[in-house]
Structures are given as C-alpha cells and as structure tokens.
Amino acid sequence: MEGRRHNVGAVVPLPFFGLALWRAWMNLTFVAPSEAIPFLQATSHQFFDLVMLAAFLMGIAGAKFVSPLTTQRWALAACPALMMPLSAASFASAAGFQVDSLAVPLTVMASIGSTLMIVLWSERYAGMSPFRVLVGLTGSYALGSVFVFVMNGFYPSYLAGFTALLPLASIACLLKTRSAGYPVGALVRVGRKTIPWRLVAIMVLYSFSIGFSGIQLTGYSDTSAGPIQFLITAPLFAALVLLTDRVSVIALQKLPPMLMALGFVAVLLSPLLGAPFAGPLISASYLLYYFFVDTSLCDIAKRFGISAVWLFSIEEAASMGSKLAGDALRTALCIEPLGASGAASPYIMALLALAAVAGALLLFEDRGLKAQWGIRFLEAGALSPHFERETLTAQWVRDTALAHRLSPREEEVLERLVHGQSMQAIASELVIAEGTAKSHASHVYEKLGVRNRRELASIAEEAITRVSGD
C-alpha cells in the first residue's frame, strides 16, 4: 500500500511547533551553554534539575487545584517572566558586566518557569490525537536542534539576546494554539488509579541507567542536545508526515530496548571499536522511549480526563529523580563514567543489560496498556487518517450519548446512523425489527434536536472535523 502524504500544517497546526523554541532555550542555556558567555559558566545544570524536580513534586501535589493551567493567565505570564531574567543576565555578562552573584536566584526562577512551560505545552498536546502528538513532538525536537545549531553561530551578545526572546516566543505560540480547537478543560482527574505504572517504571529504569552510566557526550549524544537528537527525530518526523500508512507504532515501540541492547553490546566491544558508539545508542533509546511515553500520556489524559499537570509532573519527576539518583550512586561508588576509560564498570554493564531486558519485557507485553487504558494507537495502521477518524467518531458518539442521555440501544443506533448504515442494515446487525430500529432512530433525532439523518450527519461531521483540525 502506498504511503499517504500530508501537509505538515494540516496535520499539526504550526504554532504547536513553538515547543521547539523552549527546547532551544533549554539547550543553549543549561545543556550546552556557550563558553563565550561568562554568566552561563557560573550556573549549574545539576542545580537547575534539582529545582525542577522539586517544582514537579509540587506540581504533583497541587495538580488537582491548578488544572488546567492553560486557561490561567498567571501561568502564561509567569513562564517568560521567570525564564527571561537569566537570559538577560547572560546578555549583560556577554557585554562585560559582572553578574555571577545572581546565578543561584536566577537559576531557581528559570527552573520554575521551565516546569510551568513543560506542563503548559503538555496540556495543549494532550488535546490532540496520538498521531498528531508524535508529529508535533518529533518535529519540535528536530526543529529545536536546528535552532541551536544556527544560533550557536551568532556573536555572543546576539546569541544571549535572541535566547532571552525564546521563552516569550514559545508562550506566544502556545497562545496561538488556542484557535486550533483542541480541548483542555476536562483534564482535571488525579489519583493513584490514574497513574500508568508500567510507563513510569520503565522511565525510571532507563533514566537511572542514563545517570548511572554517566553519559556526558554533550553536543554529540546528550539526550537533550546535539546531532544525535536531529538524526533520530528528523527522519522519524519525515516518515510520520510522508509515509503515515507505512509507519508502525508497534515497530517504534520495539526500538528503545533494541537500541539499549545494542548499546550494551557496544560497551562490550568498546576496547576493540575504539569509538563511543554506546553513548549515542543508549541516548537514542532513551529519547525514543520518551516519545512513546509522552504520546501514551497525552492519549490517556485526553480520553480519561486526567490532569496533564498530574501525569507529566509524575513522568518528569520520575525521570529526573531517577537520573539524578543514578548519577549520585555512581559518584558514591567512585565508578568512572561510560567512555571515560577503556573498559566500562561491571556495575554499568549489569545495569544496561537489565534495562535492555526489562525494557523489552515491559514494552513488548502491552496487554496492560490496552486492557486498563484502552490504548489503541499501538494497533497496526493506527497512524492512518482513516483510523484516527474512526477513533474520533467513536469518541463523539460516546460523548453525545452521555450528554443527551441516550439509552444503550439508542447509542448503538446512533453509531450506525453516523456511519451511514441503512435502517434495514441496522435492524439486521442489532437483531431487531426494522420498525423498532426506526423508532430508536426517531428518539435519537428528538433528543439531539435534529429532524433527519442528514442533519445528524452534518453536526457529527462538523464536530469531528473541528477536533481533528482537518
């Protein structure tokens, strides 16, 4: 079957790629700061992560009270207000001013602002279908890498000045996404039973492996920056847009443990290969799994009305906390980071092997995700527009039946009317008399306030088109 092609803007409204602006700010400010900007050398990426971890823990505790954030002006204003001062200090240091004493308070502010930025974008993405989430995330990560590459060529003062504008531009894009019509108002549920523990468990395992291995190949294979990110995300983004019907989420789901296993083999062979192949493979595994988890969480949040602030705060706290814990344990045991010496520590080797095996078991056995959470985008052909439209139609039927208090039989008739089935076909499929089917249809029309099948099809098409963005 020939792959289906899409126009990028038709798949995901362009403002959603504003997430790339925050990605670029993060990389330029903390992940791989320019050595030409003195102030950035006084900041600490680890301290930044610790403050973000504390902020996400607060987000977990307060998710019920602040969700949804994207409807609250204070949250939208706080992001750039908290993040831009650090970039302004960077500009001042590039101009020759001594502002190192402000490093700690400005890092705290920037960390809190970044936490808000992540959950705000998470809420917006949680309103989209899994296919659109994957396209938006992969495109934003790839575009963020391009921004970093281009801006690193700027003169230091220009670099610092443009970096200061990135949070403001990202929030401006976030505001533009409101016109796309994706819902956020229902994302309020929280609680122990709303947590997909399988996804969290493997995120903890992978993040701990990254921290314990001590991969620090910044600019080459760091999990947040560098060419490795572009080399993974750009082809995946292109495949999603150009070859939708040929891209299998099940295949993508299998890639993280496979790459982790290859990273383990590369570590074994590193004395012979003489090149750091393990780092890029392990980082690629982590990044791809991150996409899988984010897409799953957005899907769960949308369908169950669970707070995106709650789910993504848990994900980020689990990821960051386990990564920091892995790094601290490696330091306490005086173990050399991966790539720092010719042979890796047996502890690192054992952990990578465990991550590869456990990751495969948790990801390949997806019955828990389907049975408990009803995740369907893992099915074959689930990224095709036809599958997405079927999913949206089924969701509209359920929501409409609930809103208009249709009986179970009336809901079954409504579903078949929307799909254009004749009364004779509906009666045959439901094993009822054709007159009974017509009576149920009349009740459906009356409760929905329409006169006939044509008006019903019109309001269904309008609602589904509005949500899909087509």
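Residues numbered from 1 in each chain as written. Predicted model: local features only at pLDDT ≥ 70, side-chain atom pairs only at ≥ 80, totals over all residues. Heavy atoms only, no water.

Asker: I'd like a description of the pattern of salt bridges, backed by residues and values.
Answerer: Tallied over the entire structure, the rule returns 7 salt bridges. With its nearest N and O atoms 2.9 Å apart, the salt bridge here joins Arg 409 to Glu 412. Placement of the pair is Arg 409 and Glu 412 together in helix 17 (residues 408-418), with a separation of 3 residues, close to one helical turn. In this structure, Arg 416 and Glu 429 form a salt bridge, with 3.0 Å as the shortest nitrogen-oxygen distance. One end of the pair, Arg 416, is in helix 17; the other, Glu 429, is in helix 18 (residues 423-430), and 13 residues separate them in sequence. Assessed through its relative accessible area of 14%, Arg 416 is described here as buried. (Salt bridge = Lys/Arg side-chain N within 4 Å of Asp/Glu carboxyl O. Helix = DSSP H or I, 4+ residues; strand = E, 2+ residues; numbered from the N terminus. Buried < 20%, exposed > 50% of the residue type's maximum accessible area, 1.4 Å probe, protein only.)

Asker: Give a description of empty space enclosed by the protein that names residues and reports values.
Answerer: Taken as a whole, this structure holds 3 cavities of 30 Å³ or more when the rule is applied. A volume near 70 Å³ is recorded for the second largest cavity. At the level of elements, helix 2 (19-31), helix 5 (73-94) and helix 8 (156-176) are the ones that each hand at least two residues to the lining of the second largest cavity. For the lining of the second largest cavity, the class distribution of residues is 6 nonpolar, 5 polar and no charged. (1 Å grid on protein atoms, 1.4 Å probe; cavity = no way out; pocket = protein on both sides within 12 Å on 5 of 7 lines; lining within 4 Å. Points joined across faces, edges and corners; volume = space filled by probe spheres on them. Nonpolar A, V, L, I, M, F, W, Y, C, P; charged D, E, K, R; others polar.)

Asker: Could you give an account of the environment of Ala 460, with specific residues and numbers?
Answerer: Relative to the helices and strands, Ala 460 resides in helix 20 (residues 453-468). The class for Ala 460 is buried, based on a relative accessible area of 3%. Separated by 42 residues in sequence, Ala 460 and Val 418 have C-alpha atoms that sit 7.2 Å apart. Apart from residues lying up to four places away in sequence, Ala 460 is in contact with Trp 396 and Val 418. (Contact = heavy atoms within 4.5 Å.)

Asker: Lay out unusual backbone geometry with the relevant residues and their values.
Answerer: Leave glycine aside and you will find that most residues have negative phi; peptide bonds, for their part, are mostly trans. Here the residue pair Ser 67 and Pro 68 is connected by a cis peptide bond, since its omega of -10° sits within 30 degrees of zero. Mapped onto the elements, Pro 68 comes out in the loop between helix 4 (45-66) and helix 5. Residue Val 431 is not a glycine yet carries a positive backbone phi of 55°. Within the secondary structure, Val 431 sits in the loop between helix 18 and helix 19 (434-448).

Asker: Break down the packing of aromatic side chains for me, citing the residues and quoting the values.
Answerer: A complete count under the given rule lists 12 aromatic pairs for this structure. Note on Phe 17 and Phe 237: the rings are 6.1 Å apart at their centroids and 90° apart in plane angle, and the pair reads as edge-to-face. Of the two residues, Phe 17 sits in the loop between helix 1 (8-11) and helix 2 while Phe 237 sits in helix 10 (residues 227-242), which places them 220 residues apart along the sequence. Here Phe 17 matches Phe 237 in class, with each residue buried. Each ring, one from Tyr 286 and one from Tyr 290, has its centre 5.9 Å from the other, and the planes form 50°; the classification is tilted. (Phe/Tyr/Trp six-rings, centres within 6.5 Å; stacked < 30°, edge-to-face > 60°.)

Asker: I'd like a description of the confidence of the model for the chain, backed by residues and values.
Answerer: Across the chain, the average pLDDT comes to 80, with 81% of residues at or above 70. The least confident element of the chain, judged by mean pLDDT, is helix 15 (residues 367-373) at 60; the most confident is helix 6 (residues 103-125) at 94. Predicted confidence is poor over residues 217-225, with pLDDT under 50, and the contacts of this stretch with residues over four places away or in other chains come to 32 contacts. (pLDDT = per-residue confidence, 0-100.)

Asker: So what's going on with the packing of helix 18 against helix 19? Residues and values would help.
Answerer: Where helix 18 contacts helix 19, the two axes come as close as 8 Å, and the packing angle between them is 110°. Considering their axes alone, helix 18 and helix 19 lie roughly perpendicular with respect to each other. Note on element contacts: helix 19 touches helix 18 through Glu 434, Ala 437, Lys 438, Ala 441 and Tyr 445, opposite Met 423, Gln 424, Ile 426 and Ala 427. Partitioning the contact of helix 18 with helix 19 into residue classes produces 6 nonpolar, 1 polar and 2 charged. (Axes fitted to C-alpha atoms, helices over the stretch in contact; angles between N-to-C directions. Parallel < 35°, antiparallel > 145°, perpendicular 65-115°, else oblique.)

Asker: Explain helix 5 residue by residue, including any values.
Answerer: Between its first and last C-alpha, helix 5 extends 33 Å over 22 residues, near the 32 Å set by a 1.5 Å rise per residue. Where helix 5 bends most, at Met 84, the angle is about 30°, and the proline Pro 85 comes one to four residues later. A positive backbone phi angle near 105° is found at Gly 96, which sits one or two residues after helix 5. (Expected span 1.5 Å × (residues − 1). Bend = angle between axes of the 7 residues up to and from the residue.)

Asker: Tell me what's going on with helix 9 (residues 197-213), and back it up with residues and numbers.
Answerer: Taking 1.5 Å of rise per residue, the 17 residues of helix 9 would be expected to cover 24 Å, and the 24 Å separating its terminal C-alpha atoms lies within 8% of that figure. Counting buried positions along helix 9 yields 12 of 17 residues, so the element is predominantly enclosed. Along helix 9, the residues classified as buried are Leu 199, Val 200, Ile 202, Met 203, Leu 205, Tyr 206, Ser 207, Ser 209, Ile 210, Gly 211, Phe 212 and Ser 213. Gly 214 sits one or two residues past helix 9 and shows a positive phi near 70°.

Asker: If you had to explain the packing of helix 4 against helix 13 (residues 308-332) to someone new, which residues and values would you point to?
Answerer: It is the contact of helix 4 with helix 13, at a shortest axis distance of 8 Å, that shows an interaxial angle of 150°. By the criterion of interaxial angle, the relationship of helix 4 to helix 13 is roughly antiparallel. In this structure, helix 4 crosses over helix 13, and the sense of that crossing is left-handed. Where helix 4 abuts helix 13, its residues Gln 46, Asp 49, Leu 50, Met 52, Leu 53, Phe 56, Leu 57, Gly 59, Ile 60, Ala 63 and Val 66 lie against Val 309, Trp 310, Phe 312, Ser 313, Ile 314, Glu 316, Ala 317, Met 320, Gly 321, Leu 324 and Asp 327. Of the residues belonging to the contact of helix 4 with helix 13, the class tally is 15 nonpolar, 4 polar and 3 charged. (Left-handed = near helix turned anticlockwise from the far one by under 90°.)

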